[in-house]
Amino acid sequence: MKTIAIANQKGGVGKTTLAINLAAGLATLGRKVLLIDLDPQASLTLSTIGESSGQCIAEVIGGALPGNLLLSDIIRPLSENLDLAPGGLSLSISEIGLITRMGRENILKKALSSVNQYDVAIIDCGPSLGLLVENALNAADGVLIPTLPTPVDKRGVSIFIESLNAVRSELNPNLMILGLVICQYDRRLKLHQQILEEFQNIQLPILAVIGRSIEIARTVGEGKPLSSGRLLPQMQELSAKIDFWLRNGKFES
Ligand SMILES: Nc1ncnc2c1ncn2[C@@H]1O[C@H](COP(=O)(O)OP(=O)(O)O)[C@@H](O)[C@H]1O
Ligand SMILES: [Mg+2]
């Protein structure tokens, strides 16, 4: 199983939207997908199963003490080939407890090694650089960075890349920065065009440029898993690229 973290320390950039759409896209292509909601705000859980009050991954991760459930205990089916490990507000309590826990960066990685029926786990991270995100990046083979095409977000991405490099040198040398996904792009805006060009000049692949779309905005917040028929073409293309990477460990040249 490969693990992909979807992360950016900034909120509102499209992480959860990307996680849901990519997971649905890969499931349609026949991959067995586990979506993991690691954000205490649990918007992925709310927008797929419509509530976040049941057992959640916080009870697997634990806090100062180990959790009392296995990852397989909390997994819920969403649609064909697609399951969810729900998140919840108690993740924020977990994160505080983890500070004093031995082996604190390895907990999610260990939990993931106990499930083996999936081709890929996709982790939707919260908007921080805390211990939960560190756990996700330590467990991941690749990281996808969604961002908006604005100057502030571009600076945010540079800062995030520095953190990723720190994770690679201190914890997980195998972590591959898969690339950027530019979200809510409006090609009529000069500023967006300019920032996209600037992003193209840094040494990172841009895997997709996704326009503003009402349909996509609905995917987070509707309270039900989306069907593949509703995926935007850009999300389908991105899913095909990631599918190739899952099977070959590199992108099609
Ligand atoms: N391409 C898009 N077009 C329009 N709205 C979008 C698009 N991508 C995301 N959104 C909306 O932007 C908001 C933030 O997206 P979300 O995926 O929740 O970001 P994050 O998880 O990084 O906080 C949500 O309300 C979502 O519906
Ligand atoms: Mg989110």
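Residues numbered from 1 in each chain as written. Chains lettered and ligands numbered in written order. Predicted model: local features only at pLDDT ≥ 70, side-chain atom pairs only at ≥ 80, totals over all residues.

Novice: Looking at this structure, I do not really get the overall build of the protein chain. What am I missing?
Specialist: On a plain count of helices and strands, the protein chain comes out with eleven helices and eight strands. Dimensions of the protein chain along its principal axes, counting C-alpha atoms only, are 50 × 40 × 35 Å. Looking at the protein chain as a whole, 47% of its 253 residues qualify as buried. Considering only intrachain contacts with a sequence separation of at least 6, the fraction spanning at least 24 residues in the protein chain is 79%. (Helix = DSSP H or I, 4+ residues; strand = E, 2+ residues; numbered from the N terminus. Buried ≥ 20, exposed ≤ 12 C-beta atoms within 10 Å, placed from the backbone. Contact = placed C-beta atoms within 7 Å.)

Novice: Quick question: what am I supposed to make of the sheet that holds strand E7 (residues 176–185) here?
Specialist: Within a sheet, each strand pairs with its neighbour through backbone hydrogen bonds, oriented either parallel or antiparallel. Taken together, eight strands build an open sheet; the order of strands is E3-E4-E2-E5-E1-E6-E7-E8 and the sheet is mixed. Since the sheet does not close on itself, it has two edges, and those belong to strand E3 (76–79) and strand E8 (206–211), each with one partner. The average undirected angle you get between the axes of adjacent strands in this sheet is 25°. Sheet topology places strand E1 (residues 2–6) next to strand E5 (residues 120–124); five bridges connect them, and they run parallel. The residue bridging Lys2 from the neighbouring strand is Val120, located in E5. Contacting E1, strand E2 (33–37), E3, strand E4 (82–85), E5, strand E6 (142–147) and E7, helix H1 (residues 15–28) runs over the sheet at an angle of about 165° to E5. (Pairing = 2+ DSSP bridges. Axes fitted to C-alpha atoms, helices over the stretch in contact; angles between N-to-C directions.)

Novice: Could you clarify how one ought to interpret unusual backbone geometry in this entry?
Specialist: Positive phi values are uncommon outside glycine, yet Ala42 reaches one of about 55°. Of note, Ala42 is situated in the loop between E2 and helix H2 (43–48).

Novice: Quick question: what am I supposed to make of the site of ligand 1 here?
Specialist: For ligand 1, the set of nearby residues contains 17 residues, the closest of which are Lys15, Thr16, Thr17, Arg212 and Ala217. Put simply, the parts of the chain that give the shell around ligand 1 at least two residues each are H1, E7 and helix H10 (214–219). Broken down by element, the shell around ligand 1 gets its largest block of residues, three residues, from H1. Of the residues assigned to the shell around ligand 1, the class counts are seven nonpolar, eight polar and two charged. (Near = placed C-beta within 6 Å. Nonpolar A, V, L, I, M, F, W, Y, C, P; charged D, E, K, R; others polar.)

Novice: Please explain the nonpolar core as it appears in this structure.
Specialist: As a rule of thumb, soluble globular proteins bury nonpolar side chains together. Core analysis: the largest hydrophobic core is formed by 74 residues, its most contacted members being Ala23, Ile122 and Ala136. For this core, the element with the most residues is H1, which contributes eight residues. (Core = buried A, V, L, I, M, F, W, Y, C linked by C-beta atoms within 7 Å.)

Novice: Looking at this structure, I do not really get the pairing of E4. What am I missing?
Specialist: Each regular strand carries side chains that alternate between the two faces of the sheet. Covered by surrounding structure in E4 are Leu82 and Leu84 together with Asp83 and Ala85, the residues of both alternating faces. Bridge analysis of E2 against E4 gives four bridges, and the strand direction is parallel. The partner of Val33 across the bridge, within E4, is Leu82. Sheet topology places E3 next to E4; three bridges connect them, and they run antiparallel. Across the sheet, residue Pro77 finds its bridge partner in E4, namely Asp83. Between the antiparallel neighbours E3 and E4 lie two residues, among them Asn81 with a positive phi of about 70°.

Novice: Help me understand the packing of H1 against helix H11 (residues 233–248) in this model?
Specialist: Helix-helix packing is described using two parameters, namely the angle between the two axes and the distance between the axes. Between H1 and H11, whose axes approach to 9 Å, the crossing angle comes to 65°. With respect to H11, the axis of H1 lies roughly perpendicular. As H1 runs across H11, the sense of the crossing is right-handed. On H11, the residues touching Asn21, Leu22, Gly25 and Leu26 of H1 are Met235, Gln236, Leu238, Ser239, Ile242 and Asp243. When grouped by side-chain class, the residues that make up the contact of H1 with H11 number five nonpolar, four polar and one charged. (Parallel < 35°, antiparallel > 145°, perpendicular 65-115°, else oblique. Left-handed = near helix turned anticlockwise from the far one by under 90°.)

Novice: Hey, could you run me through the pairing of E8 in this one?
Specialist: As defined by bridge partners, E7 adjoins E8 across four bridges and the pair is classed as parallel. Along E8, the bridge assignment pairs Leu180 with Ile206. In this view, the connection linking E7 to its parallel neighbour E8 by way of helix H9 (residues 190–201) has right-handed handedness. (Right-handed = clockwise from strand over helix to strand, strands pointing away.)

Novice: What is the right way to look at H1 in this model?
Specialist: Given 3.6 residues to a turn, an α-helix orients residues that are three or four positions apart in the same direction. Look at H1: 20 Å from first C-alpha to last across 14 residues, which is about the 20 Å you get at 1.5 Å a residue. Burial of H1 is extensive: 14 of the 14 residues sit out of reach of the surface. Residue Gly30 follows H1 closely and has a positive phi angle near 100°. (Expected span 1.5 Å × (residues − 1).)

Scope: geometric values only; no functional claims are made or implied.
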